[in-house]
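A look at the structure
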Amino acid sequence: MSSTNPFEMADDDTRNPFADPSISTAISSNSYLPNPPPQAHHSVNASSAASSATTASSYPPKHDSATHLSDFAAKEAELRRREEELAAREARLNQQQDEIRRAGFKPPNFPPFYPYIYHDINDEIPEGLARTTMWKLYYYWLATLGLLLFNMIACLAMMVSHPQGMTNVASDFGVSFVYIFTIGLGSFFLWYRPVYQAYQKESSFWFYIYMVFAGFHCLFAAYMAVGIPGSGSSGFISFLATATGGAIVAGVFTGIGCLGWVAEALFGFWMWKLVNDHFRAAGHTFESARNEAVTIGVKSGVGQTVVQEAARQSYMRSNDGNFSRA
């Protein structure tokens, strides 16, 4: 009768599993060990070193920041050096300008758009009545330029309106345009600049030049106030012609122009009288003006050239008492 114990094992189950030859061979070998072979371990270390080198190369080395700081310091020092050079150069230029001014030369400052001469009433004209008169003459000269420009506009209005009985309106406009340049420049160089130098140097010669050409300017203003047709003037005759011809706008312009020329003549004569009173009160005479003119001519290069040419071409007395050209 067989046994009914469920926990009873058969003979095959009770054998030692390690008694199997194949299992014994496997145990005796090292293939089951978890440690990797030496070659694999070295390759992992190499790959880790390469990764560390790559990571390190992605950041700049420490010595680069020091290089940048040194370059910045060098550039800053260069900028400071240039700034010091510019400051020294500016100081030298200012010193040279001061020396030039002390020597009597002053840089041109007039007119502002194209400096040609030095012009400063407060700096060069003495205080008192002379400076006050000079400022009046300066404003009078500016008013002359403005009146010349307005006179041209009035003549343009006459030409556009073309009133009846006026056949010279085109020539009036052309002549008035030429007056802006000729009378404008002429008034500056012939009477304004001379009286400026006269008050600056208290010179009889320049006072005399002013009184001659300023007198002509007063006569010119009176002539323009008449308004003769074809004269380039918006004077009285032009005003009557435009007013009676139905050209109202041109009549207004010519009327203002006529009053302007009358005021120009009267104010110019009053300024001429002020300068003449100063001329006489300061003891200037025609003789002193003539002597100054001779002195100026001799000192100038033109005067020396004329004297040398006259001496070269003069006659010399010969031994027999006759004159012969040298």
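The coordinates are above.
Residue numbering note: each chain is counted from 1, following its sequence as written. Thresholds applied to this predicted model are a pLDDT of at least 70 for local features of residues and 80 or more for the giving and counting of side-chain atom pairs; totals over whole chains, interfaces and linings are not thresholded and use all residues. Side-chain figures throughout are based on the complete set of non-hydrogen atoms in the structure, without hydrogens or water.

Let's talk about the overall build of the protein chain
Segments assigned H or I by DSSP are reported as helices when at least four residues long, segments assigned E as strands when at least two residues long, and all are numbered from the N terminus. A count of helical and extended segments in the protein chain gives 11 helices and 2 strands. Written out in order from the N terminus, the α and β elements of the protein chain read α-α-α-α-α-α-α-α-α-α-α-β-β. Counting across all 326 residues of the protein chain, residues that qualify as buried make up 26%. Taking contacts inside the protein chain between residues at least 6 apart in sequence as the whole, the part at least 24 apart equals 62%. Split by element, the accessible area of the protein chain, about 22200 Å² in all, is 64% carbon and sulfur. With a 1.4 Å probe rolled over the protein chains alone, any residue whose accessible area is under 20% of its type maximum counts as buried; one over 50% counts as exposed, and the rest are partly exposed. Contacts between residues were defined by any pair of non-hydrogen atoms, one from each residue, lying within 4.5 Å. All accessible-area figures derive from a Shrake-Rupley calculation using a 1.4 Å probe, and residue coverage is judged against the displayed protein chains alone.

Remarks on the packing of helix α5 (residues 129–161) against helix α9 (residues 248–281)
Between α5 and α9, the shortest axis-to-axis distance is 9 Å and the interhelical angle comes to 155°. Considering the angle they form, α5 stands roughly antiparallel to α9. Crossing handedness for the pair α5 and α9: left-handed. Three classes are used: nonpolar for Ala, Val, Leu, Ile, Met, Phe, Trp, Tyr, Cys and Pro, charged for Asp, Glu, Lys and Arg, and polar for all others, with Gly counted as polar. Across the contact of α5 with α9, the residue classes tally to 17 nonpolar, 8 polar and 2 charged. Helix axes use the C-alpha atoms of the stretch in contact, all axes being lines fitted to C-alpha atoms, and the angles between their N-to-C directions lie in the range 0 to 180 degrees. Every angle not falling under 35 degrees, over 145, or within 65 to 115 is termed oblique; those three ranges are roughly parallel, roughly antiparallel and roughly perpendicular. Whether a crossing is left-handed or right-handed is set by the direction in which the near helix is turned from the far one by less than a right angle, anticlockwise for left-handed and clockwise for right-handed.

Looking at empty space enclosed by the protein
The rule is simple: put a 1 Å grid over the protein atoms alone, call a set of points where a 1.4 Å probe fits but cannot get out a cavity, call an open set with protein on both sides within 12 Å along at least five of seven lines a pocket, and count a residue as lining if it has an atom within 4 Å of a point. Grid points are joined across faces, edges and corners, and a volume is the space filled by probe spheres set on the points. Tallying each qualifying case throughout the model produces 1 cavity of 30 Å³ or more. Here the lining of the largest cavity gets 4 residues from one element, more than from any other, and that element is helix α7 (residues 204–226). For the lining of the largest cavity, the class distribution of residues is 5 nonpolar, 2 polar and no charged.

Some details on the nonpolar core
To form a nonpolar core, buried Ala, Val, Leu, Ile, Met, Phe, Trp, Tyr and Cys residues must be joined to one another through side-chain atoms within 4.5 Å. Core analysis: the biggest nonpolar cluster contains 24 residues, and Met134, Leu137, Tyr192, Tyr199 and Tyr210 have the highest contact counts within it. Those elements that place two or more of their residues in this core are α5, α6 (169–201), α7 and α9. Residue contributions to this core peak at 7 residues, all from α6. Core analysis: the second largest hydrophobic core is formed by 10 residues, Leu147, Leu148, Tyr179 and Ala265 among them.

Side note on helix α8 (residues 236–244)
Burial in α8 covers these residues: Ser238, Ala241 and Thr242. Relative to the axis of α8, the buried residues are bounded by an arc of 95° and lie together on one face. Contacts from the buried residues of α8 go to α5 and α9. A positive phi of about 85° marks glycine 246, the residue just after α8. Arc definition: it is the arc formed by the directions from the helix axis to the C-beta atoms.

Here we look at the packing of α8 against α9
If you want to describe how two helices pack, look at the angle between their axes and the distance between the axes. The interhelical angle for the contact between α8 and α9, taken along N-to-C directions, is 160°, at an axis separation of 8 Å. By the angle class used here, α8 and α9 are roughly antiparallel. Handedness of the crossing formed by α8 with α9: left-handed. The segment α8 lies against α9, with Phe236, Ser238, Phe239 and Thr242 engaging Ala250, Gly251, Thr254, Gly255 and Cys258. Class assignment of the residues belonging to the contact of α8 with α9 gives a composition of 4 nonpolar, 5 polar and no charged.

A few points about unusual backbone geometry
Across the junction of phenylalanine 110 and proline 111, the peptide omega takes the value -10°, indicating a cis bond. Turning to its location among the elements, proline 111 is positioned in the loop between α3 (62–102) and α4 (121–124). At glutamate 202, a residue that is not glycine, the phi angle is positive and equals roughly 50°. Tracing the backbone through its elements, the reader meets glutamate 202 in the loop between α6 and α7.

Some words on the layout of surface pockets
Taking a probe equal in size to a water molecule and rolling it over the atoms shows the remaining empty space. Estimated volume of the largest pocket: approximately 430 Å³. What lines the largest pocket is a set of 18 residues, among which Pro111, Phe113, Trp141, Leu145 and Leu185 lie closest to the centre. Going through the elements one at a time, α5 and α6 are the ones with two or more residues in the lining of the largest pocket. Per-element tally for the lining of the largest pocket: the top contributor is α6, with 6 residues. Counted by class, the lining of the largest pocket contains 17 nonpolar, 1 polar and no charged residues.

Topic: the environment of alanine 289
Tracing the sequence through the fold places alanine 289 in helix α10 (residues 286–299). Looking at alanine 289, the relative accessible area reads 4%, which means it is buried.

Side note on the pattern of salt bridges
A pairing counts as a salt bridge when a side-chain nitrogen of Lys or Arg comes within 4 Å of a carboxyl oxygen of Asp or Glu. This model, assessed by the stated rule, comprises 7 salt bridges. The partner of glutamate 85 in a salt bridge is arginine 81, and the shortest N-O contact between them spans 2.5 Å. Highlighted residues: glutamate 85 and arginine 81, both in helix α3, separated by 4 residues, approximately one helical turn. One salt bridge in this structure joins arginine 290 and glutamate 287, with 2.3 Å as the shortest N-O distance. Of this pair, arginine 290 and glutamate 287 are both found in helix α10, 3 residues apart, which corresponds to roughly one turn of the helix. What makes arginine 290 partly exposed here is its relative accessible area of 44%. In this structure glutamate 287 comes out as partly exposed when scored by relative accessible area, which is 39%. Three or more residues joined by partner-sharing salt bridges are found here, namely Glu78, Arg81, Arg82 and Glu85.

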